[in-house]
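Survey of secondary and tertiary structure
What follows is each chain in one-letter form.
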Amino acid sequence: MRWSGWSGWSGWSLRSKLIVAGVAMQLIATALILLGTKQLLLRVLIDQATSQTRQIVALLDQAIAAPLAQRDYATLQQTLDLIRRDKSVRYLVLRDHRDKVVATSGWDEASTLPARDTDVIDLDRADATLHLEAPIAIAGQQLGHVDLGLSTDGLRDAKAAFLHRSLAIAAAAFALSTALLAAIGYAITRHLARLAQASQQVASGDLDVHVPVTTNDEIGKLGASFNSMAAALKQRIAALNESEARQRLHLEAAREEQSRLTTLLGSMRSGIVFVDVKGCVIYSNEAFARIWNVPGAVTGRALSEIVPLLAATIEPADVFHVQAMLRTHADEAAANSDLHTLDGRIIVQRVQAVDKDSNESGFIWFHDDVTLERQTQQRAQQALHDPLTKLLNRRGFYESLQAAIAHAGSERSRLTLLFVDLDDFKHANDLGGHRVGDEILVSVARTLVRLMRSGEIVARLGGDEFAVLCPGIETPDAGAIADRLVEAVCGLNFPTATETVRVGCSVGIAAFPDDAQTEDDLVACADTAMYQVKQSGKNGWAVFRNDPEQSKAGMARRDWNARIHRAFQEQRFTLHFQAVHRASDLAVSHYEALVRLVDEDDPTRLLSPEDFVPHAERSGKIRRLDRWVIESCISRLAGSGPTVRIAANLSARSLEDPSFPGFLRDALQYRDVDPRRLHIELTETSAISDPIGARQMIARVRSLGCAVHLDDFGSGFNSFAQLKLLEVDAIKIDGSFIRDVQSDSSNRLFVASMIEIAHNLGKLTVAEHVEDAATLDILRNLGIDLVQGFFLGRPAAQIENELALRRLHVIDGSRAAAGGNAD
């Protein structure tokens, strides 16, 4: 069927084909015009509908927003009814910000609203209503939204009328153009028949053919041109055959060269774009499209199309450099620049001008993605440098120290290490806050760097510790350097909100190979020397002396400092709680929180405070430990019943901290814990060392609602005199008096006196280290208020309600002891 139809068409005359083709083209053109007209009409109608919708929505927003904000529902209803008088508005449903219907017009509130129209308006669907939603807002705050239905009847009528008129016009135009095409086809084809016959002769190889020319119109000119072409063709075919062989050889060579060049450029990691002087991309490799994620082919496109795609992917500050690809002319080249993309990559841009004398002048742009290389460099930099001071950190310092020791060993030269530790830094940091602390560290770092010579290394080892490495320096010269360091650091001052603070420094000096042979030993020796300065009064320097006892003490101190630091990081501090009982009925009054440290070498072993608290106090970490204990106690109180109370111990260093009451207040408020449930215990020795400061701190803590107890009372020489000055709520009698209260009458007298004086001053008394029933009975007879000890209960990790069991156990024990004595 197909072959038969095609054969019939091919047998038609040119005249018939031209007429039929013209008619067919007219039909297609008419159909396309009608289709385009219909689409244009639809766009116009949709634009009109959209404009009308926006006007209605704007009217709704202006008319409804204020009454909706004022909840004037009557005005809202009137406004909706007024707007719906427009026949194009079929219904209105207003909801507030809670999605509650507050007013409707033209819609049954009980009915479910149809789905909202989000796509292009469809005028051919059965539903002649456009369902929309519009937000209602004032000053950017959404108050609610309105659902509305708009009629599309007007749009449908306009569409139908326009289509009827278009069809009538198209039919008349089609008839007229068909008649005209038929006449033109007849006039043309009779002359073309002669040209067709002559062309067949040329195709068969007869180049002597000649077409008679009888007219001067275009057909006549075509015949004359055909005759000239046949003559010229005859002459040139010979020359063409001769040059064809040469061109074939040149083409093959060019293809091979192009293939090699394309392969080379395609294998390069750099993105390459060759741009001519008109700004057109002559060539780009795959790497360019991959680096910039440019869609489609780049070659052949204008550079003005490509640059905006690149600019959209980089940081705004670097857009200028990319746009240089458009601004650069033959006599200027943009400098190399780093481009930072929005997805975090770094792309280096370079340009190379093409020789002006060459046939293809322009520019070649290179783009290299160096993100991985830069990240590697940055990680290496961060791994070895302190982010605050930009000095080498501990790791970077040890690498430099190891290399310096190796070099000094091979050259048989000396290497001197100065270990610098700031004096009074913790006080300055606590007084001025972290901002002042950071300022001190940065200023000290700059001072150390300024005083050092080329080749000498300055590092921050952590906290307020610095190190200075001086190759080829003798010990006397190192002492002169240390003098300059101490003087320069002492000359620094830093203003705070209340006063100007200063810091000093203690410098320890050790030398390779005289004092140590390895980097660890050299640092340990310098640290030991520095600690000698600390013990001698600070703000000075000392040279390491090979004193076995001091070396051993220094190593132990550094080891404990590191262990405490790791304990904070690994969360190995824990609390145990020991009950404090009322002496009268042995009911639990409160619990004392006792901090323990899980041994890093044996997790089943708990270290007592005596093992690590002294080291925490010397290193200044005791304040951090105090705050951890307080926060943990408050957290435990928040998760316990309202009758549970906990007493937490506070060190002398925290007693000196003016920011502690604020920290305590914030912690209690954050957990919403009644302050009366938290007791603070201060040791007597810490309180009497600065009685005025202690009195002020106790007053601030008690003002928050927390009770304050004075621990280890009686251990000082003037305990009774200080008791009158310190407004505490209770005293805890030192355990040394309680242990021997049975056998030592003097201790009993002291304890009785403490209890009597405390009661006369309105304070409770607590006895610790109650280890047996006899001691408990004596204390009861003396009038003690609260008792605590292993006899009544050992510390435990959990706070449990075992009051009844403990009470029976203690009472039974007391009776058994009394019965035995009677016998």
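Residues numbered from 1 in each chain as written. Predicted model: local features only at pLDDT ≥ 70, side-chain atom pairs only at ≥ 80, totals over all residues. Heavy atoms only, no water.

1. A closer look at the overall build of the chain
Basically, it comes down to this: Counting from the N terminus, the helices are the DSSP runs of H or I reaching at least four residues and the strands are the DSSP runs of E reaching at least two. The contact definition used throughout considers only heavy atoms, calling two residues in contact when any of these lie within 4.5 Å. The Shrake-Rupley method, run with a 1.4 Å probe sphere, supplies the accessible areas, and residue values consider only the shown protein chains as cover.
In terms of regular secondary structure, the chain is built from 25 helices and 25 strands. Contacts in the chain between residues far apart in sequence, at least 24 positions, make up 59% of those at least 6 positions apart. Total accessible area on the chain stands at roughly 45,500 Å², and carbon and sulfur atoms take up 54% of it.

2. A few points about the sheet that holds strand β1 (residues 89–96)
Operational definition: Any two strands with at least two DSSP-identified bridges between them are counted as paired. Between N-to-C directions, angles cover 0 to 180 degrees, with each direction set by a line fitted to C-alpha atoms, over the stretch in contact for helices.
Ordered by their spatial adjacency, four strands build an open sheet running β2-β1-β4-β3, and the pairing between neighbours is antiparallel. On the outer flanks of this sheet lie β2 (101–105) and β3 (129–138), each paired with one strand and no other. In this sheet, adjacent strand axes meet at a mean angle of 15° when their direction is disregarded. Across ten bridges, the pairing between β3 and strand β4 (residues 141–151) is antiparallel. Each bridged residue has a counterpart across the sheet, and for Ile138 the counterpart in β4 is Gln141. Those strands touched by helix α3 (residues 73–83) are β1 and β2, and its axis lies near 30° from that of β2.

3. Quick notes on the pattern of salt bridges
Applicable threshold: A pairing counts as a salt bridge when a side-chain nitrogen of Lys or Arg comes within 4 Å of a carboxyl oxygen of Asp or Glu.
Counting across every chain of the model gives 34 salt bridges. Taking the shortest distance from any N to any O, the salt bridge between Asp666 and Arg665 comes out at 3.6 Å. Taken together, the shared-partner salt bridges in this structure form one network comprising Arg563, Arg566, Glu570, Arg572, Asp599, Glu600 and Arg605.

4. Details of α3
How we decide: Partly exposed residues are those whose accessible area sits between 20% and 50% of the maximum for their type, while under 20% is buried and over 50% is exposed, using a 1.4 Å probe and protein chains only. Taken from the helix axis, the directions to the C-beta atoms give the arc we talk about.
Those residues of α3 that sit buried are Leu76, Thr79, Leu80 and Ile83. The arc enclosing the buried residues of α3, seen along the axis, measures out at 100°, which places them on a common side. For α3, the exposed residues set more than 90 degrees away from the buried face come down to Gln78 and Leu82.

5. Overview of the side chain of Gln788
With respect to the secondary-structure elements, Gln788 resides in the loop between β25 (786–787) and α25 (803–822). For Gln788, a relative accessible area of 2% corresponds to the buried category. For Gln788, the contacting residues outside a window of four places in its chain are Gln578, Ala579, Val580, Glu592, Lys732, Ala767, Glu768, His769 and Val770.

6. A closer look at the pairing of β2
Each regular strand displays side chains that alternate between the two surfaces of the sheet. Most of β2 sits out of view: five of its five residues are buried. Of the strand pairs in this sheet, β1 and β2 are connected by four bridges, and their pairing is antiparallel. Residue Leu94 lies in a different strand from β2, and its bridge partner there is Ala103. The hairpin formed by β1 and β2 contains four residues between the paired strands, and Asp99 there has a positive phi angle of roughly 70°.

7. Description of the pairing of strand β23 (residues 730–733)
Neither face of β23 is left uncovered, since the one carrying Ala730 and Lys732 and the one carrying Ile731 and Ile733 both have all their residues buried. Relative to β23, strand β22 (residues 707–713) runs parallel, the two sharing three bridges. Within β23, the position partnered with Phe713 by the bridge is Ile733. As judged from the four bridges shared by β23 and strand β24 (residues 764–767), these two strands associate in the parallel manner. Across the sheet, residue Lys732 finds its bridge partner in β24, namely Val766.

8. So, the packing of aromatic side chains
The cut-off we apply is this: The aromatic pairing rule takes the rings of Phe, Tyr and Trp, using the six-membered ring of Trp, and pairs them if the centres are within 6.5 Å, calling planes under 30 degrees apart stacked, those over 60 edge-to-face and the rest tilted.
Scanning all chains against the criterion turns up seven aromatic pairs. Centre to centre, the rings of Tyr91 and Trp107 are 4.7 Å apart; their planes meet at 45°, and the pair counts as tilted. Pair noted here: Tyr91 is in strand β1 and Trp107 is in the loop between β2 and β3, with a separation of 16 residues, a long-range link. On the basis of relative accessible area, Trp107 is assigned to the partly exposed category, the value being 23%. Feature note: the residues Phe568, Phe573, Phe612 and Trp628 constitute an aromatic cluster, connected by ring pairs.

9. Looking at the nonpolar core
Put simply, the test is: To define a nonpolar core, start from buried Ala, Val, Leu, Ile, Met, Phe, Trp, Tyr and Cys residues and group those joined through side-chain atoms within 4.5 Å.
Ranked by size, the top nonpolar core spans 67 residues in total, and within it Phe573, Phe612, Leu664, Leu678 and Val787 carry the most contacts. Element by element, the count of residues in this core is highest for helix α16 (residues 622–638), at seven residues. Dropping the residues within four chain positions of it, Phe612 is found in contact with Trp560, Ile564, Phe573, Val595, Arg596, Leu597, Leu607 and Leu625. Counting residues in hydrophobic clusters, the runner-up holds 33 residues, among them Leu418, Val444, Leu492 and Val501.

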